[in-house]
Amino acid sequence: MSSRADQAIAALRKGHEDLTTVVRGLTSEQLTSPSAASEWDISQVISHLGSGAEINLEVVRASLEGRPAPEFEFNKGVWARWDGMTPAERAVEFPVANERLVEAYEALDAEQRASHRIDVGWMPEPVDVATSAVLRLTEFGYHDWDVRVALDPSATLAPEAAALIDERVEGLFGWIAKPAYLDGRTADLLVTLTDLGEQRGLRLADPVTLGPAPASPDGELSLTLEAFLRLAAGRLGPQYTPSDVKITGPIALDDLRAVFPGY
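All of these numbers come straight from a predicted model, not from anything done at the bench.

What about the packing of helix α1 (residues 4-24) against helix α8 (residues 159-176)?
- The N-to-C vectors of α1 and α8 enclose an angle of 130 degrees; their axes lie 9 Å apart at closest approach. Put simply, α1 runs oblique to α8. Where α1 crosses over α8, the handedness of that crossing is left-handed. Contacts from R4, Q7, A8, A11, K14 and D18 of α1 reach α8 at E160, L164 and E167.
- Broken down by class, the residue content of the contact of α1 with α8 amounts to 3 nonpolar, 1 polar and 5 charged.

In structure tokens, the structure reads:
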């Protein structure tokens, strides 16, 4: 049976190959057209993923060489270089940079995947390879969708990524969720994941939390895991909401969109 690290690395590989195919087929007009990330065009999303690949690669290399994680000045230099590229240059450079990162994860042997620790620079302690890969996969998976849905409104999060992103979704709440938008209202929602036959509890308070299904919920949100993950990252706007998403009770879907405005 493959390990969690194996699964995350395999998902990074498939995501890379699929998005690279899309990027290489983009016209100059498409590169500068809006993405689903409200403030970025498609080339800027590609730039963000390319610069992130370079920074993550340095993080992985530093961990293997026993060096500290790169300083913020290193990151700023990488961002500035990608910001200075033309849209066409970003489309050329992204597959190269991201391939190097994926190859670095793939080069880790079974023992390293099980026991190596990586200082990602912003977490209290170094994390294992699986967590490091899932952190990258979470960023990659959402921004991959930002590109693909701009070209195909029916696009969804990659299935192989979604199950792993789900492990980290509550971790997004601390810096994405904005419960203040509810103006002091609180609620316990029963979240029914229709494709998994699973139920959870979404506590809308400060902080917003995810846990077991509540015994006496104030309302129910019914949707697929994929749609729930997009909601949690601010990617379930009206134009991207499947018709089978249902909500009952005092909290409306627009309330949830306000609580989870995205990044």
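What follows continues from the structure just given.
Looking at the layout of surface pockets
- Looking at the largest pocket, its volume works out to about 1,200 Å³.
- H48, W122, E139, W175 and Y263 are, among the 40 residues lining the largest pocket, the residues nearest its centre.
- Listed by contribution, the elements that provide at least two residues to the lining of the largest pocket are α3 (42-65), α4 (72-83), α7 (129-151) and α8.
- Looking at the lining of the largest pocket, the element that brings in the most residues is α7, giving 7 residues.
- For the lining of the largest pocket, the residue count by class is 19 nonpolar, 14 polar and 7 charged.

Reading guide: rules and limits
- Residues numbered from 1 in each chain as written.
- Predicted model: local features only at pLDDT ≥ 70, side-chain atom pairs only at ≥ 80, totals over all residues.
- Heavy atoms only, no water.
- Axes fitted to C-alpha atoms, helices over the stretch in contact; angles between N-to-C directions.
- Helix = DSSP H or I, 4+ residues; strand = E, 2+ residues; numbered from the N terminus.
- Parallel < 35°, antiparallel > 145°, perpendicular 65-115°, else oblique.
- Left-handed = near helix turned anticlockwise from the far one by under 90°.
- Contact = heavy atoms within 4.5 Å.
- Nonpolar A, V, L, I, M, F, W, Y, C, P; charged D, E, K, R; others polar.
- 1 Å grid on protein atoms, 1.4 Å probe; cavity = no way out; pocket = protein on both sides within 12 Å on 5 of 7 lines; lining within 4 Å.
- Points joined across faces, edges and corners; volume = space filled by probe spheres on them.

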